[in-house]
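As a plain string of letters, each chain reads:
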Amino acid sequence: MWESGLAALRSDWARLGDDEKEWISARLDAIERLQQGLHRLFVEGEGEEHCRQCEGLCCSHGKHHVTLVNLLFFISRDSDPPSPEFSATCPMLAAEGCRLAPGTRPFNCVTFACDSIEENLSPDARAAFYAAERTLRSLYDEFAQRYAGAGMRGFLLAQARLDGGSSLQRLDISPADAGI
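Fair warning: this is a prediction, and the values are worked out from it, not measured in the lab.

Conventions and cut-offs
- All chains use their own residue numbering, which begins from 1 and follows the written sequence.
- Under the rules for a predicted model, residues below a pLDDT of 70 receive no local features and side-chain atom pairs below 80 are neither given nor counted, while totals for whole chains, interfaces and linings still include all residues.
- To get the side-chain values, take all heavy atoms of the structure and skip hydrogens and water.
- pLDDT expresses how confident the predictor is about each individual residue, on a scale running from 0 to 100.
- Starting at the N terminus, helices and strands are each numbered in turn, a helix being any DSSP run of H or I of at least four residues and a strand any DSSP run of E of at least two.
- Exposure categories follow from relative accessible area, calculated using a 1.4 Å probe and restricted to protein chains: below 20% of the type maximum is buried, above 50% is exposed, and the middle band is partly exposed.
- Contacts are assigned to residue pairs with any non-hydrogen atoms lying within 4.5 Å of each other.
- Criterion for a salt bridge: a side-chain nitrogen of Lys or Arg within 4 Å of a carboxyl oxygen of Asp or Glu.
- Polar contacts, as used here, are pairs of N or O atoms within 3.5 Å; protein pairs need one atom able to donate a hydrogen and one able to accept it. Residues neighboring in sequence count only if both atoms are side-chain atoms.
- Grouping buried Ala, Val, Leu, Ile, Met, Phe, Trp, Tyr and Cys residues that are joined through side-chain atoms within 4.5 Å yields what is termed a nonpolar core.

A word on the confidence of the model for the protein. Residues with a pLDDT of 70 or more make up 94% of the protein, whose mean pLDDT is 90. Looking across the protein, the model is least confident in helix H9 (residues 175-178), with a mean pLDDT of 62, and most confident in helix H4 (residues 68-76), with 97.

Right under this line is the structure:
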C-alpha cells in the first residue's frame, strides 16, 4: 500500500498546475523552517539525550504519523522518502534515530516535548516552542482544508479512507477543474 500510494501521489503531483505547486511549496518551506526551529528548541531542552535514555518511547506511538504533507516534502523535490520499516514501533525509527530530517517529520513528532524536555527549556524557549506549534498547526490545517488526503491522519489511513481517490483532490473545486 505504501509503494502504490507514493506512486499515485507522484502521478497526482505531476498533473498539478504550477500555481498549485507554488502554493504547496511556499507552505512546505514555511513548515520546514518552523519545524527546524522547533527541533533547535528540542535540542536546547536536551531532547536528544532524553530520547536516547528512554529509547524513543514516544516514537512507539508513531505507526501512522507520516502524513501527506510530510511526503510532499519529498515528492515536490523529486526525491524519495526513507523506506519505512513497518515491523518497527514507528516505521521511520531506526537504531540511530528518526530517518526523517527534523524539517520533514510529522507534526506530532516535532511538537511533542515530554516533561523532561520541557523542564529543561527556559520560560522564553517554552513560550517560543508553543507559539511555533500554533503557527505550524495552522499551516497543516490549511492543507487539511484544501486536500482530501491531508490532515493529521497518517497517509496510509487517509489513502484507505479515500478508496482510490486522489490525496491531492481539492476540497473546494471539482476534480476536472483540479486537473485530477
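A separate point is the environment of Leu 136. Note on placement: Leu 136 falls in helix H7 (residues 123-146). Judged by relative accessible area, Leu 136 falls into the buried class, the value being 0%. Distance in space between the C-alpha atoms of Leu 136 and Leu 71 is 16 Å, their sequence separation being 65 residues. Ignoring any residue separated from it by four or fewer positions in sequence, one finds Leu 136 in contact with Ile 31, Leu 34, Gln 35, Leu 38, Phe 107, Val 110 and Thr 111.

On inspection of all chains with the given rule, the structure shows nine salt bridges. For Glu 142, the salt bridge goes to Arg 27, with nearest N and O atoms at 2.6 Å. In this pair, Glu 142 is assigned in helix H7 and Arg 27 in helix H2 (residues 18-44), connecting sequence segments 115 residues apart. As a salt-bridge pair, Arg 77 and Asp 29 come within 3.7 Å of each other at their nearest N and O atoms. With Arg 77 in the loop between H4 and strand S1 (93-94) and Asp 29 in helix H2, the pair connects residues that are 48 residues apart, well separated along the chain. Taking relative accessible area as the criterion, Arg 77 reaches 38% and is therefore assigned partly exposed. Several salt bridges converge on common partners, so that one network encompasses Glu 20, Arg 146, Arg 170 and Asp 172.

Our next topic: the side chain of Arg 146. Looking at the secondary structure, you find Arg 146 in helix H7. Among the polar contacts listed, one links the side chain of Arg 146 to the side chain of Tyr 147, at a separation of 3.3 Å.

Once that is clear, we can look at the nonpolar core. Nonpolar side chains in soluble globular proteins generally cluster together in the buried interior. With 42 residues, the main nonpolar core has Ile 24, Leu 72 and Phe 143 as its most contacted residues. Contributing elements (two or more residues each) for this core: helix H1 (2-15), H2, H4, helix H5 (107-111), H7 and helix H8 (155-162). Considering every element that reaches this core, the biggest residue donor is H2, with nine residues. In this structure, Phe 143 is in contact with Trp 23, Ile 24, Arg 27, Leu 28, Ile 31, Val 69, Leu 72 and Ala 150, ignoring residues within four places of it in sequence.

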